[in-house]
Amino acid sequence: MSGRLIAVEGVDASGKSTQARMLADSLGAECTFQFGATDVGRVIRDVLLDPANESVDDRTEALLIIADKAQHVAEIVGPALESGRDVVTDRFTASTLAYQGYGRGLDLDELEAMMRFATGGLEPDLNVLMDLPPEEAWRRLGSSVDRFEGQGREFLERVRDGFLALATADPQRWAVVDAAGTADEVAARILTAVSDRLGGVG
């Protein structure tokens, strides 16, 4: 594949979606997201984000999210990369490790094996972690939360710790960016990090 895949990662309310769009615009890249970017994914997203679905088991949750990844790669990410286009995605495989692994406590090796199967082994050329302290993320979330956002501060802390652990373990494929500040300030930091790691943004 000749295109580059860049994943923008972080806890809820870190500003990922905004920054993924801004980065894609700067790169002239395709912008997408997980989970829910495909027709199949939208059904999965509706199930998993609905606060009424508290009975969903942690393993069921992980399997549904990983199924979304398979469809996302087959339908959107893979074809774009094969055509030579860069792709910026709001979340990719690291979010599953952070949320379902570190957050829910599921086995990381098992999650990684299932994701390799779902994505055909595709990994981002760069993961950009928008790092935000859990207390600030919690403040930004306010009272309107979905099923994941309503898990509480301790869950957010575990997820953030998971992202930082992943970044520390593989520094060549991760760039950690301070998510505090205005959208333009954060976007400038991200663009610098991407340029430094991937050898330019053209």
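Conventions used here
Residues numbered from 1 in each chain as written. Predicted model: local features only at pLDDT ≥ 70, side-chain atom pairs only at ≥ 80, totals over all residues. Heavy atoms only, no water. Axes fitted to C-alpha atoms, helices over the stretch in contact; angles between N-to-C directions. Helix = DSSP H or I, 4+ residues; strand = E, 2+ residues; numbered from the N terminus. Parallel < 35°, antiparallel > 145°, perpendicular 65-115°, else oblique. Left-handed = near helix turned anticlockwise from the far one by under 90°. Contact = heavy atoms within 4.5 Å. Nonpolar A, V, L, I, M, F, W, Y, C, P; charged D, E, K, R; others polar. Expected span 1.5 Å × (residues − 1). Buried < 20%, exposed > 50% of the residue type's maximum accessible area, 1.4 Å probe, protein only. Arc of directions from axis to C-beta. Salt bridge = Lys/Arg side-chain N within 4 Å of Asp/Glu carboxyl O. Polar contact = N/O pair within 3.5 Å; in protein donor to acceptor, adjacent residues only side chain to side chain. Core = buried A, V, L, I, M, F, W, Y, C linked by side-chain atoms within 4.5 Å. Phe/Tyr/Trp six-rings, centres within 6.5 Å; stacked < 30°, edge-to-face > 60°. Lys NZ or Arg CZ within 6 Å of the ring centre and 35° of its normal. Pairing = 2+ DSSP bridges.

Where helix 4 (residues 93-103) contacts helix 5 (residues 108-119), the two axes come as close as 10 Å, and the packing angle between them is 150 degrees. Put simply, helix 4 runs roughly antiparallel to helix 5. Viewed along their axes, helix 4 and helix 5 form a crossing whose handedness is right-handed. Contact with helix 4, carried on its side by T93, T96, L97, Q100, G101 and Y102, involves L108, L111, E112, M115 and T119 of helix 5 and no other residues of that element. Its residues assigned to classes, the contact of helix 4 with helix 5 shows five nonpolar, five polar and one charged.

Attention now moves to helix 5. The end-to-end C-alpha distance of helix 5, which contains 12 residues, comes to 16 Å, matching closely the 16 Å that a straight helix rising 1.5 Å per residue would cover. Taken as a whole, helix 5 has its buried residues at L111, M115, A118 and T119. For helix 5, the angular spread of the buried residues around the axis is 80 degrees, confining them to a single face. Those residues of helix 5 that are exposed and aimed more than 90 degrees away from the buried face are D109, E110 and F117. Where helix 5 is buried, its residues contact helix 3 (58-82) and helix 4. After helix 5 finishes, the residue G120 shows a positive phi value of roughly 65 degrees.

One pass over the full model with this rule turns up eight salt bridges. Here R4 ties to D86 by a salt bridge, and the two come within 2.8 Å at their closest N and O atoms. Of this pair, R4 sits in the segment before strand 1 (5-9) while D86 is found in the loop between helix 3 and strand 3 (87-90), placing the two residues 82 residues apart along the sequence. D90 is paired through a salt bridge with K16; the nearest N and O atoms lie 2.7 Å apart. Note that D90 is positioned in strand 3 and K16 in helix 1 (residues 16-27), a separation of 74 residues in sequence. The network of salt bridges with common partners includes D58, E61 and R104.

What follows deals with the side chain of R91. Within the secondary structure, R91 is located in the loop between strand 3 and helix 4. At a separation of 2.8 Å, a polar atom in the side chain of R91 contacts the main-chain carbonyl oxygen of G10. Among the polar contacts listed, one links the side chain of R91 to the side chain of D12, at a separation of 3.4 Å.

Residues L23, V88, F163 and I190 are the most contacted members of the largest nonpolar core, which totals 39 residues. With six residues, the top contributor of residues to this core is helix 7 (residues 153-169). Contacts of L23, omitting those with residues within four sequence positions, involve I6, V8, V88, I190, L191 and V194. Counting nine residues, the second largest nonpolar core, distinct from the first, contains A80, V87, F92 and L122.

Let's shift gears to the packing of aromatic side chains. For the structure on display, the rule yields two aromatic pairs. When the centroid spacing of 6.3 Å and the interplanar angle of 75 degrees are considered together, the rings of Y99 and F163 count as edge-to-face. Highlighted residues: Y99 in helix 4 and F163 in helix 7, separated in sequence by 64 residues. Judged by relative accessible area, Y99 falls into the buried class, the value being 4%. Each residue in the set Y99, F155 and F163 is aromatic and connected to the rest through ring pairs, giving one cluster. Here R45 stacks its cationic end above the ring of F35, 5.6 Å away from the centre of that ring.

With that settled, the discussion passes to the sheet that holds strand 4 (residues 126-131). Strand pairs in the sheet, formed through backbone hydrogen bonds, run parallel or antiparallel to each other. Taken together, the five strands give an open sheet; going across it, the order is 2-3-1-4-5, and neighbouring strands pair in parallel fashion. At either margin of the open sheet sits one strand with a lone partner, and together these are strand 2 (30-33) and strand 5 (174-178). Pairwise comparison of adjacent strand axes, ignoring direction, gives a mean angle of 20 degrees for this sheet.

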